Structure formats: C-alpha cells, structure tokens
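Listed here are the chains, written in short residue letters.
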Amino acid sequence: MFRRCVPLHNYTKTELTNLITGKLRRNFGRDVDEATVPQMFKACAMVLRDIMSAHELETEDRVKDSHARQVHYLSLEFLMGRSLMKNAYNLGVLEPLTQAIESLGFSAADLFEAEPDAGLGNGGLGRLAACYLDSMTTLEIPATGYSICYELGIFKQKIVDGQQVELADNWLGLGDAWLIPKVDETETVHFGGKVKGYWDENGRHRVAYEGGTDVLAIPKDMEIAGYGTDHVNVLRLWDAKSPVPVDMSLYSRGEYLKAVEQQAMAEVIAKVLYPDDNHYEGKSLRLKQQYFFVSATIQSIVRKHRAQYGTLHNFHQKHVIQINDTHPTLVIPELMRILLDEEGYTWDDAWYIVTHTVAYTNHTVMIEALERWPQELVQTLLPRIWEIIIEISNRWQQRLTEAFHGDMGRVERNAIVWGGDVRMANMCVCACYAVNGVSALHSDILKKDLFRDIYAITPDKFQNVTNGIDHRRWLSQCNPKLDALIKECTGGDDYLLQPEAMKKLEKYKDDAGVLSRLGKIKAENKQAFASYVAKESGIILNTDAIFDVQVKRLHEYKRQLLNVMHIVYLYQRLKSDPNFTFTPRVFLFGAKAAPGYYVAKEIVHLINSLSATINSDPVCKDRLQVVFLENYRVSLAERLMPASELSEQISTAGKEASGTGNMKFMMNGALTIGTLDGANVEMHEQLGDENIFLFGLKADEVVSLKQRGYKPYEYYVGSPSMKAVLDQISRGFNDGVSYTNLTNRLLFGQNGSAPDEYLLLADFESYKAAHQRAGQAYLDQKAWNRMSLINIARSGIFAADRSIRDYADNIWHVPTREL
Ligand code: BZD
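Since this is a predicted model, take the numbers as computed values, not measurements.

## Quick look at the packing of aromatic side chains
The description of an aromatic ring pair rests on the distance of the ring centres and on the angle between the ring planes.
Inference 1: Here the structure, examined in full by the defined rule, presents 20 aromatic pairs.
Inference 2: Residues Trp347 and Trp351 carry aromatic rings whose centres are separated by 6.3 Å and whose planes lie at 15° to one another, so their mutual orientation is stacked. Residue Trp347 and its partner Trp351 are both found in helix H13 (residues 347-355); the two are separated by 4 residues, about one turn of the helix.
Inference 3: Overall, Trp347 belongs to the buried group, its relative accessible area being 14%.
Inference 4: Between Phe693 and Trp784 the ring centres are 6.2 Å apart and the planes differ by 25°, which places this aromatic pair in the stacked class. Of this pair, Phe693 sits in strand S25 (residues 693-694) while Trp784 sits in helix H33 (residues 781-793), and the two are 91 residues apart along the sequence.
Inference 5: On the basis of relative accessibility, which here comes to 3%, the residue Trp784 falls in the buried class.
Inference 6: What links up through ring pairs into an aromatic cluster is the set Tyr73, Phe78, Tyr132, Tyr807 and Trp812.

Shown next as structure tokens:
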C-alpha cells in the first residue's frame, strides 16, 4: 500500500485569477480584456493542467516507491465528454474557478459550454471506460487508460429533411487543451514484411523482419483528477506518425505521390474512430488501429517495468491488463512476442506471465458483434503475431480435444483459428485469467450460452461485475438542485464518496415536504431543458406532459421501433376518438445510427416523419409531442437526465448486456419502463414491482418462443389495432415517405433474417399495458414522486465506485482508498 495522499490545496478565487491572467499573457500575448472565449477556456484548462501535473508527478513517485500493482485499462474507446467542469469539481476548485472567470468579465457557463465533447467513443462501452477512469482515480488505484488519439471523434449528427447526415467531428482545436505530448516516450510499431528466424552467437533463437513499415506512436497524455484526492492518473492516447516525412530518393525521381505514401499510411491510423457499435466489420484499417495501440501500449508498460525492476519475471505481479471487449485482444500475442523474441523466454514461461496478467470484459452476446479477423489479413499485416497466434491456437485446440474427449462440435465452437478466421473472444477466454460480463443476467448468459464449454472446464475464471456510472458527474454535477436536496436529507456530502449513503434519503419517502420539493426540482429541470431545446431548435416542449425519453445508439435490438409503434397507436386512438383520455406525453428520442447501418437510418427517418406529422396535428396539441434530439452526446445527456421522467429501457430480453443509461435515469429520479434485460434485472431487484414498470418476455421466454417457432404474422392478423399501426407505418406519414421495408422486415424477414428478429410484436400488448400503468401513476404526483425518491435512494449500487471496488477486490487484487 502506498503513502496516503496529502489534502488538496484550497485555491482561492484570487490565486486562480492570477494564474489565468498569467497564462493569457504568456501563451496568447493577451490581456484579459482582449481575450476571446476559446483563449480564456484554454487558459483555464492550462491552469488546471498545471495543478494536475504537479499531482501526477507525486502520484508517480508514490506508486514507484510502493511497488504497487498497476492497472492498465485498454480500450479503443473513451467517451470523455467535457473536462473543464469535471476537473475543477474533482480538484475542489469549481466554485473559486467560477468566481475567477466571472470576475474577469466572462460567463463561466459560456466557457464551460465552449468546450467540445471529447467524443472518442460510440456509446455505452466508451462512456463506461470514461466513468471507470474517474472511479479508479478517486479510489486511488494506480491506473492508466490507453487508447488512440483519434483526430476525428464520433461524427456529429445533423438531421436534414428528416434524415441523418454525418459531419466530421474535429474536436482537437480546443479539445487538445488537455493533451500533453510526451515525445520522448514515443514507441515504434512494425507492420508487414517477412519474418526471419535465426540463431544468435549465444545459441538463442532470434527473430528479424525483412521489409514492412514502421509507424511511430506518440503519446498524448490526458490527466485524470480524482475526486477529493491528489491522486492523478493518466489517459494515454497514442497518435500515429511516420518516421520518414517524405522519401527524398523517390521525390527526387519525380515520384511525388509514392514519396508521401508511407506517411499517409501511418497517419491514417489515428484519423478516425470507427462509428459502429455492436457490429463487427473486418476492415484492415481497424485491425491496424488495434495492433498499433496495443503494441505501443505494451511496449511502453514493459519499458517502464524493465527500467524499474530490470527483469520481467515479476511482470504479472506488478501489472494487470484489463481488455475492454475484444478490441485490444492482440495484446496477448504482442506480449508473448516481446517475452519470446526480445527477452528470450521459453514459451511456457512467457505464457505463464501473459495468462496471469490479462483479464477480459465481454460487452455483448450479439453474434454479429463478435470479432473474427480473416486469417490472410492477420498473416500479411502482422506476420510474427500470426505465427504466435497459430501456436496459441494449436495448443488450445489440443487442450480442448482432451477436455472434451474428442467431441469435435465443442472443439470447433471454441477454437481460435478456424475456417480461415481468427476468433478474438475465444483467444481472450483461452488466455485471460478472468472473464467477466457486465450485469448479473449477462454474466449468466456467458456461462450458460456463449462460453458454456469453457465455463465447464474453467468455472473459476468467470465472474460478474455489474456496470456502474460516475455518480458525481451524472448526479451531483449535472443536477445541482437534486444534489443539494440529497445532501440536506442525508446530512452532508458523504454520498459523493459513499454512494450507498443515498439510502438515507429513503427516510423521507412519506415526507410530503421533501416529495413536493423533489417534484419541484424535476419541474424546474424540465423547464431548463425546454428552454435549451427552444434556443437550439425553436421547438417548444410541453412541460406539463410526461418527459418520456429513449436515448441511446440506434439499434434494432434496442427497439426504438417498438416505442414508435406505441406512439402511432396513441396517435390513432386520438384521431379516432378525440375524447380518448391518456396522460399527455412528450416522447424524446436521441440516437446516432452507424453510417452504414441502413435499417437504423431508416428508423431515424421514421421517427422524424412521425414527429413532423404529430407535432403539426391540432388533435395532438398539449397531449402528444414527438421530438428527435439531434446529435445525442455526453454533454446533451447531462442536460437531459435531470429533466427526464420516464426512461425507456425496452431491449429484447437477453440482448442488452447491461445498459448504463438506465442507471443515469434512475439516479436522476426518472422511473423506468423496461424489460427484464441487462442491469434492469438488478434495478428491479432493488426496486420491487411497485417502483418500476416492467413488461415483456423474459430472456428464457424469448429463447423458448424462438425455439417453438415465432410467427409475428399471427400477432398482426390477430390484433386489429396492431395491424392498423403497422399498416400506417408502412404507408408512412405526411411527408409521403413509405416505411414498407421496415414493416416487411417485421412480418416477413429480409435477406435471410428471421421476421421480427427482436420480438416487437410479441411484446407490443404488454408494452402498451405498462405505458397505461405509467400514465395512470403519473396522475397521482405525490405517489409518483415517492417512487422517484425510492429510485434515487436505491441507485447507489449503480455507482462506478462500487463496480471499480468489485474489479479491484475480485479481479485486479489491488487495494482501494479507505474512507
Ligand atoms: O457496452 C455496450 C452494451 O451494448 C451495453 O449493454 C453495455 O452497458 C455497455 C457497457 O458495458 N456495448 C457497446 O457499447 N459496444 C460498442 O460500442 C462497440 C463498439 C465497437 C465494436 C463493438 C461494440
């Protein structure tokens, strides 16, 4: 255990004001009265960076002196969002910084708003990594995150004529305010060429490469401040550069294009984040990205380890490498390569070190998301890695054959190299000492289904760590009024470091005063969100209606289309019976569709067509509104969560590994309408039937219905109201666009896919009924607020601090901050 951290220095407004003006002068040659908002933002970021850099050096020393085990969190995505307010909050300087900014004649709110989101991720997996960095640091774990410094983050979404258009997200202009280049820690990553084995003068087998290309990996470090501690960790983002600017010999022969080719090939690696979530595409650039960041990372870890210990024998005792989904799997053969080729270990010794260092988190059971790299691609791009993979694969297959007594079905299912593909999840399960799912249900499915054979031979490897969210960002910071109420009711700010303390709020579940204050806070947050929407888009939201929200990536299994079907049903009822009574609703959607996912884009279009029709129909006035929020992202979620009342978590049971949006809504007092899927199951365990609106088939019922033979068409012909809904979607709305393609997929399937793969029709009636219960419940505001309070009070276990303590105790075996 290393030395305790020292208490944070309390910076005053005056100190910060001086530091900021100093930065403006030195870096921009400006006095305050000439400074622009972006310059002022950068100056503030630099001041916080200086504070964090000093802490980082101390942290590094402490970690080094204590010889503590370090955690390395490898992820192709970190969806960080904004950092200025976050860092100021964690460093305990948010108030004096705000005052300093205002005293210099700037609006602090405008300055925070000027910061672009660091969108280095797609959705849940990337945001989870960002929340975990915050918790690992707050809990004083020596940890480093590693990823790629993408020049372009997740695209910006614009809706043009109802359809999604993607714009490049060039975040680095201002976003690089947080990045510190460490050129002296550059690594070199080798691609392609031929492998030559030879024996050196000491009789050791060595490997050399002929040809191929080197790419430089330059670290750009982003410091991560923990809350209420001077512990600082780092997110290391690798940028790619060519070692040769231009090949002058080619250039002088007039081959201009060829001369810059290598440079272009290198620099394209860090150009752009792949915008697919829960979908695998075998693109060679993506494989290059994976190897580039994994190789640079492990070289950097090994280099520092060697400098400190002079040997790699104790590597596994001093490091754990957590791989966030299969995207960093190549770290396994890459660490083997270093141990074998550079350190001269035997296969068995090297394998021992690797398999006691690496742990794997699985985030999906969707078959189309599982990575399978074509063998030829691996072979040509990474010839030495390929040789090592083959060896791992052969040994594994032998082990499987023995364990399964020659049952070739089981051997085939679990093989690593098979049928011309390299299967990354199988390599992880083979090599990692721990494998975990991200909710109780999901971890069970891994054991019973996806990895059942391996579970049978190594049951102890398999664990569950239910996801969690950074409750300081997602409650305290983004919902200051609720934060104040919680602090008042729970007797202080304990809950910020001990999220279980939120339980104390429950004492007030029948306190009319507290309940009405809770209701008032929600009403004010709705108003604030409505003002923002009005300013951004001109749309006026009806703040008297329930804010019913579905925000997440657009995917068929998440069933935005089921939500649409229900809205169309309500609309048809209103049209056919103007006296139809139901609780007024504003349906809010936010969702990016992967640019190549045609069906997802059609659903975005459909929501916008529906929205235009409903919002302009007088029948719907004050009763029904549908709004598609453009460009859903972290900073928009921070505004939206506090204003939400009903949270749509309606995936087909068994498909959503966990969900984390569900937790953000719960913490902000929204009630959930949802299926027993992912972490909803554990939310339900906390809440009981009375405080959540459950509906739909359960995971095992989904499986057995499919086995029996699911026939959606029968639901369609059997229910006139459902038929009317689907027929209308097929015909389309006022803009004349038809969505027959979508309804045909539900009724008949398409290109070999089963009809209604995700059982929308099977769950429709039950979903409608749950909505009716929710609408009814809203009419009794006191009872609603009571449920809302119970949701908040019982949400503490979904804090990322709890998840990180689970990882630390059960997988990483590292100590955490004592409170
Ligand atoms: O990971 C998500 C799951 O779908 C959620 O259920 C879960 O809560 C979160 C966090 O565990 N998975 C992803 O977000 N996956 C991806 O974004 C992704 C990206 C690239 C390739 C494959 C998947």
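## Things to note about the sheet that holds strand S15 (residues 372-374)
Inference 1: Ordered in space as S15-S17-S16, the 3 strands form an open sheet in which the pairing is antiparallel. Two strands lie at the open edges of the sheet, namely S15 and strand S16 (417-418), each paired on one side alone.
Inference 2: Here helix H17 (residues 424-431) sits on the sheet in contact with S15 and strand S17 (421-423), set at roughly 45° to S17.

## A word on empty space enclosed by the protein
Inference 1: Applying the stated criterion across every chain, the model contains 3 cavities of 30 Å³ or more.
Inference 2: Taken as a whole, the largest cavity encloses approximately 140 Å³ of empty space.
Inference 3: Among the elements of the structure, helix H3 (84-90), helix H6 (124-138) and strand S11 (213-225) are those that each provide at least two residues to the lining of the largest cavity.
Inference 4: Broken down by class, the residue content of the lining of the largest cavity amounts to 7 nonpolar, 3 polar and 6 charged.
Inference 5: Put simply, the second largest cavity is a space of about 40 Å³.
Inference 6: Lining the second largest cavity we find Leu8, His9, Tyr11, Ile51, His55, Leu91 and Val93.

## With respect to the site of the ligand
Inference 1: Looking at the ligand, there are 18 residues lining it, with Leu125, His363, Asn467, Glu656 and Gly659 nearest.
Inference 2: Interatomic distance of 2.6 Å between a side-chain N/O atom of Glu656 and an oxygen atom of the ligand.
Inference 3: In the environment of the ligand, an oxygen atom lies 2.7 Å from a nitrogen or oxygen atom belonging to the backbone of Gly659.
Inference 4: Here the ligand, which alone exposes 510 Å², has 96% of that area covered by the protein.
Inference 5: Its residues assigned to classes, the shell around the ligand shows 5 nonpolar, 8 polar and 5 charged.

## Regarding the pattern of salt bridges
Inference 1: Applying the stated criterion to the full structure yields 58 salt bridges.
Inference 2: When the shortest N-O distance is used, the salt bridge between Arg337 and Glu334 registers 2.8 Å. Placement of both Arg337 and Glu334 in helix H12 (residues 331-342) is noted, with a separation of 3 residues, approximately one turn of the helix.
Inference 3: Here Arg337 falls in the buried class, since its relative accessible area comes to 8%.
Inference 4: Linking Asp483 and Lys487 is a salt bridge whose minimum nitrogen-to-oxygen distance equals 2.9 Å. Note that Asp483 and Lys487 are positioned in helix H21 (residues 480-490) at a spacing of 4 residues, about one turn of the helix.
Inference 5: For Asp483, a relative accessible area of 8% puts it in the buried group.
Inference 6: Several salt bridges converge on common partners, so that one network encompasses Glu56, Lys182, Glu185, Asp221, Arg236 and Lys304.

About the criteria used
- Residues numbered from 1 in each chain as written.
- Predicted model: local features only at pLDDT ≥ 70, side-chain atom pairs only at ≥ 80, totals over all residues.
- Heavy atoms only, no water.
- Phe/Tyr/Trp six-rings, centres within 6.5 Å; stacked < 30°, edge-to-face > 60°.
- Helix = DSSP H or I, 4+ residues; strand = E, 2+ residues; numbered from the N terminus.
- Buried < 20%, exposed > 50% of the residue type's maximum accessible area, 1.4 Å probe, protein only.
- Pairing = 2+ DSSP bridges.
- Contact = heavy atoms within 4.5 Å.
- Axes fitted to C-alpha atoms, helices over the stretch in contact; angles between N-to-C directions.
- 1 Å grid on protein atoms, 1.4 Å probe; cavity = no way out; pocket = protein on both sides within 12 Å on 5 of 7 lines; lining within 4 Å.
- Points joined across faces, edges and corners; volume = space filled by probe spheres on them.
- Nonpolar A, V, L, I, M, F, W, Y, C, P; charged D, E, K, R; others polar.
- Near = heavy atom within 4 Å.
- Polar contact = N/O pair within 3.5 Å; in protein donor to acceptor, adjacent residues only side chain to side chain.
- Areas by Shrake-Rupley, 256 points an atom, 1.4 Å probe, with all protein chains shown as cover.
- Salt bridge = Lys/Arg side-chain N within 4 Å of Asp/Glu carboxyl O.

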